[in-house]
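Residues per chain, in single letters:
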Amino acid sequence: MSKLALLCMVLALAPASQAGAAPLEASAERYRAPLSEDIGQALAGARTLRECLAANDLAGARRAWIAARVGWERSEVFTSGFVPDLDRDIDAWPDASHGFHGVEAALFGAGGTGAARETEALIAHLADLQAEIVRIDLAPQRLLNGIARLTFEIGGNKADGGESRLSGTSLNDMQSNADGIALAWRVIFAEAVETTDPKLATAVAAGIARLQAAVAIPDLRHLDAEKLRGDSEELVALLERAAPKIGLSKPMLEEGAR
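Residues numbered from 1 in each chain as written. Predicted model: local features only at pLDDT ≥ 70, side-chain atom pairs only at ≥ 80, totals over all residues. Heavy atoms only, no water.

Asks: With reference to specific residues and values, describe the pattern of salt bridges.
Replies: Scanning all chains against the criterion turns up 15 salt bridges. The closest approach of N and O atoms between lysine 158 and glutamate 73, which form a salt bridge, is 3.3 Å. Remark: glutamate 73 occurs in helix 3 (residues 58–74) and lysine 158 occurs in the loop between helix 8 (140–155) and helix 9 (170–196); sequence separation between them is 85 residues. Note on accessibility: lysine 158 and glutamate 73 belong to one class, buried. (Salt bridge = Lys/Arg side-chain N within 4 Å of Asp/Glu carboxyl O. Helix = DSSP H or I, 4+ residues; strand = E, 2+ residues; numbered from the N terminus. Buried < 20%, exposed > 50% of the residue type's maximum accessible area, 1.4 Å probe, protein only.)

Asks: Pulling in residues and values, what's your account of unusual backbone geometry?
Replies: Apart from glycine, the bulk of residues carry a negative phi angle, and the bulk of peptide bonds sit in the trans form. For asparagine 56, which is not glycine, the phi dihedral falls at a positive 55°. Along the polypeptide, asparagine 56 turns up in the loop between helix 2 (16–54) and helix 3. For asparagine 56, a relative accessible area of 72% translates into the label exposed.

Asks: Explain the environment of alanine 203 to me, and be specific about the residues and the numbers.
Replies: Within the secondary structure layout, alanine 203 lies in helix 10 (residues 198–215). Look at alanine 203 and you get partly exposed, because its relative accessible area is 26%. Taking the C-alpha atoms as reference points, alanine 203 and alanine 242, separated by 39 residues in sequence, lie 10.0 Å from one another.

Asks: Before we move on, can you summarise the packing of helix 10 against helix 11 (residues 225–242) with the specific residues and values?
Replies: Close contact between helix 10 and helix 11 brings their axes to 9 Å; oriented N to C, the two are set at 155°. By the criterion of interaxial angle, the relationship of helix 10 to helix 11 is roughly antiparallel. Between helix 10 and helix 11 lies a crossing of left-handed hand. Listed contacts from helix 11 to Leu200, Ala203, Val204, Gly207, Ile208, Arg210, Leu211, Ala214 and Val215 of helix 10 are Leu228, Asp231, Ser232, Glu234, Leu235, Leu238, Leu239, Arg241 and Ala242. Partitioned by chemical class, the residues of the contact of helix 10 with helix 11 number 12 nonpolar, two polar and four charged. (Axes fitted to C-alpha atoms, helices over the stretch in contact; angles between N-to-C directions. Parallel < 35°, antiparallel > 145°, perpendicular 65-115°, else oblique. Left-handed = near helix turned anticlockwise from the far one by under 90°. Contact = heavy atoms within 4.5 Å. Nonpolar A, V, L, I, M, F, W, Y, C, P; charged D, E, K, R; others polar.)

Asks: Please provide a residue-by-residue account of the environment of phenylalanine 78, values included.
Replies: For phenylalanine 78, the location among the structural elements is in helix 4 (residues 76–82). Taking C-alpha positions, phenylalanine 78 is 8.3 Å from leucine 35, a pair spaced 43 residues apart along the chain. Excluding residues that lie within four positions of it along the chain, phenylalanine 78 makes contacts with Leu35, Val83, Leu129, Ile133, Ile136 and Leu138.

Asks: Can you tell me about the packing of aromatic side chains, naming the residues and giving the values?
Replies: Per the counting criterion, the structure on display carries five aromatic pairs. Note on tryptophan 72 and phenylalanine 100: the rings are 6.1 Å apart at their centroids and 45° apart in plane angle, and the pair reads as tilted. Pair noted here: tryptophan 72 is in helix 3 and phenylalanine 100 is in helix 6 (residues 99–108), with a separation of 28 residues, a long-range link. For tryptophan 72, a relative accessible area of 0% corresponds to the buried category. Arranged with centres 5.5 Å apart and planes meeting at 35°, the rings of tryptophan 185 and phenylalanine 189 form a pair that is tilted. Here phenylalanine 189 and tryptophan 185 lie together in helix 9, a separation of four residues that amounts to about one turn. (Phe/Tyr/Trp six-rings, centres within 6.5 Å; stacked < 30°, edge-to-face > 60°.)

Asks: Provide a residue-level description of the packing of helix 8 against helix 9, including the pertinent values.
Replies: At a minimum axis distance of 10 Å, the contact between helix 8 and helix 9 shows a crossing angle of 150°. Taken together, the axis directions place helix 8 and helix 9 in an arrangement best described as roughly antiparallel. At the point where helix 8 passes helix 9, the crossing takes the left-handed sense. The residues of helix 9 that touch helix 8, namely those facing Pro140, Leu143, Leu144, Ile147, Leu150, Thr151 and Ile154, are Met174, Asn177, Ala178, Ile181, Ala184, Trp185, Ile188 and Phe189. The residue inventory of the contact of helix 8 with helix 9, partitioned by class, reads 13 nonpolar, two polar and no charged.

Asks: Residue-level account of the nonpolar core, with values.
Replies: Core analysis: the largest hydrophobic core is formed by 69 residues, its most contacted members being Phe78, Leu126, Leu129, Trp185, Phe189 and Leu228. Sorting elements by how many residues they give to this core places helix 9 first, with 11 residues. Filtering out sequence-adjacent residues up to four positions away, leucine 228 remains in contact with Ile154, Gly155, Ala159, Met174, Leu211, Ala214, Val215 and Leu223. (Core = buried A, V, L, I, M, F, W, Y, C linked by side-chain atoms within 4.5 Å.)

Asks: Please set out the confidence of the model for the protein chain residue by residue, giving values where relevant.
Replies: This prediction gives the protein chain a mean pLDDT of 89; 89% of its residues lie at or above 70. Predicted confidence is poor over residues 1–20, with pLDDT under 50, and the contacts of this stretch with residues over four places away or in other chains come to four contacts. (pLDDT = per-residue confidence, 0-100.)

Asks: An account of helix 3 is needed here, citing residue identities and associated values.
Replies: Counted at 1.5 Å a residue, the expected span for helix 3 with its 17 residues is 24 Å, and the 25 Å between its end C-alpha atoms agrees. Along helix 3, the residues classified as buried are Gly60, Ala61, Ala64, Trp65, Ala68, Arg69, Gly71, Trp72 and Glu73. (Expected span 1.5 Å × (residues − 1).)

Asks: Quick one: what's the story with the environment of glutamate 132, residue by residue and with numbers?
Replies: Turning to its location among the elements, glutamate 132 is positioned in helix 7 (residues 116–135). A relative accessible area of 24% means that glutamate 132 is categorised as partly exposed. It is 9.6 Å that separates the C-alpha atoms of glutamate 132 and serine 36, two residues lying 96 residues apart in sequence.

Below, the structure is given as structure tokens:
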């Protein structure tokens, strides 16, 4: 048997997970740049917040806090599963003693003062996270876990009123979450699923679009929580169907799942 024929036989017998691993790893690597950009946006917002506090500009500080949240919420497909300790330091909820929500309580609660120390800590943790993104291994399985987990959370406790109640930006959080899910899926997984099962790829894309549409509303009073929950659960089921098509395991929804 020639070397070429032997090579073809080996490739034909290779498990699907091995055959699909390299393209997914390359796609996951392409996700690093937009992920870093989102965390950079959060860090820039936190630094602007610090400047506004130093200038006693409460309105500006509040706007900066809201702007910083956008990049953070878009990146949540990554944060809880890859850097759980930093995730807790930055965005523990419902703990309002530190991180984003500690700052929120000071800025938007009674008095609107006393956020300087919490802001400095938030900046330090976001800077640590930005440095971590440069070197961390973006394993496709863990990223798929993150997409599924965040999808489930949007239809769960976030649909019940959200986490940023003092600032009134819980809807903004869900919108940014949905956009982050769409980004990660498009960059990392969409092409691979399209190659193996075009019909399923179309269904996943439609499911993500429904999730985005469900939160594309003017305020929480217009939120149909039951529909959002149903859209969320349906999308998780589609992600579970898609996983073996690209050589991955069924996504895990547990916090910090590997």
